[in-house]
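Understanding the architecture of this molecule
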Amino acid sequence: MTLRPILACIFLGLATTAVHAADAAAGKAKSATCAACHGADGNSATPDFPRLAGQHADYLQRALLDYQLGNRKNPIMQGQVANLSRQDIADLAAWFSSQSGLATAR
Ligand code: HEC
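Read on for an overview of the structure.

Turning next to the overall build of the chain. Counting its regular elements, the chain contains six helices and zero strands. Each helix and strand of the chain, placed in order from N terminus to C terminus, yields the pattern α-α-α-α-α-α. The contacts of the chain with a sequence gap of at least 6 include a subset with a gap of at least 24, amounting to 66%. As displayed, the chain offers around 7,100 Å² of accessible surface, 62% of which is attributable to carbon and sulfur atoms.

Structural data, given as structure tokens:
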């Protein structure tokens, strides 16, 4: 089969760049600094800081990556993400996404 070498390359590529499955519990452990602004469960206490609770994980992950890459510019958040690994980002996104967003109006 001509497909085999191609598939082998794809799997090899995945293996070398693999980020382990996102781990919400690990994300919780890494979220202490985030809690100061976004709330411990991602329901921030003031409109100055966006609520993260219940947001789609892929949206959160993209936002964090964009701050890190400079595609999305915000001096506060760019400082927050500077030292995060891809795994940290995936875990943090999983944690805040797994929380329930408050439906209360402010
Ligand atoms: C000092 C306060 C502060 C801390 C600490 C902080 N953030 Fe933020 N965060 C903000 C502000 C302000 C914004 C809105 C920035 C903007 O307008 O892009 C934001 C935006 C975000 C967004 C984008 C939300 C959206 O709806 O698009 C995500 C995701 C996020 N923060 C995650 C985190 C994570 C994860 C941490 C911890 C590693 C963290 N933040 C730490 C203040 C903070």
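Alright, that's what it looks like, and here's the rest.
Attention now moves to helix α4 (residues 57–69). A rise of 1.5 Å per residue sets the reference length of α4, with its 13 residues, at 18 Å; its end C-alpha atoms lie 18 Å apart and thus fit the reference within 8%. All buried positions along α4 are accounted for by Leu60, Ala63, Leu64, Leu65, Asp66 and Tyr67. Residue Gly70 follows α4 closely and has a positive phi angle near 85°.

Lining the immediate environment of the ligand, one finds 17 residues, of which Cys34, Cys37, His38, Tyr59 and Met77 sit closest. A distance of 2.7 Å separates a nitrogen atom of the ligand from a polar atom in the side chain of His38. In this structure, an oxygen atom belonging to the ligand sits 2.6 Å away from a side-chain N or O atom of Tyr59. Where the shell around the ligand is concerned, the elements lending two or more residues are α3 (32–38), α4 and α5 (75–81). For the shell around the ligand, a count of residues per class yields 11 nonpolar, four polar and two charged.

The next subject is the packing of α4 against helix α6 (residues 86–98). Helix-helix packing: each pair is described by the crossing angle between the helix axes and the interaxial distance. Viewed as axis vectors pointing N to C, α4 and α6 meet at an angle of 140°, and their least axial separation amounts to 8 Å. In this view, α4 runs oblique relative to α6, as classed from their interaxial angle. In the packing of α4 onto α6, the handedness of the crossing is right-handed. Taking contact as the criterion, the partners of Ala57, Leu60, Gln61, Leu64, Leu65, Gln68 and Leu69 in α4 are, on α6, Arg86, Ile89, Ala90, Leu92, Ala93, Phe96 and Ser97. Across the contact of α4 with α6, the residue classes break down as 10 nonpolar, three polar and one charged.

Parameters and conventions
- Residues numbered from 1 in each chain as written.
- Predicted model: local features only at pLDDT ≥ 70, side-chain atom pairs only at ≥ 80, totals over all residues.
- Heavy atoms only, no water.
- Helix = DSSP H or I, 4+ residues; strand = E, 2+ residues; numbered from the N terminus.
- Contact = heavy atoms within 4.5 Å.
- Areas by Shrake-Rupley, 256 points an atom, 1.4 Å probe, with all protein chains shown as cover.
- Expected span 1.5 Å × (residues − 1).
- Buried < 20%, exposed > 50% of the residue type's maximum accessible area, 1.4 Å probe, protein only.
- Near = heavy atom within 4 Å.
- Polar contact = N/O pair within 3.5 Å; in protein donor to acceptor, adjacent residues only side chain to side chain.
- Nonpolar A, V, L, I, M, F, W, Y, C, P; charged D, E, K, R; others polar.
- Axes fitted to C-alpha atoms, helices over the stretch in contact; angles between N-to-C directions.
- Parallel < 35°, antiparallel > 145°, perpendicular 65-115°, else oblique.
- Left-handed = near helix turned anticlockwise from the far one by under 90°.

Read these as spatial facts, not as claims about activity.
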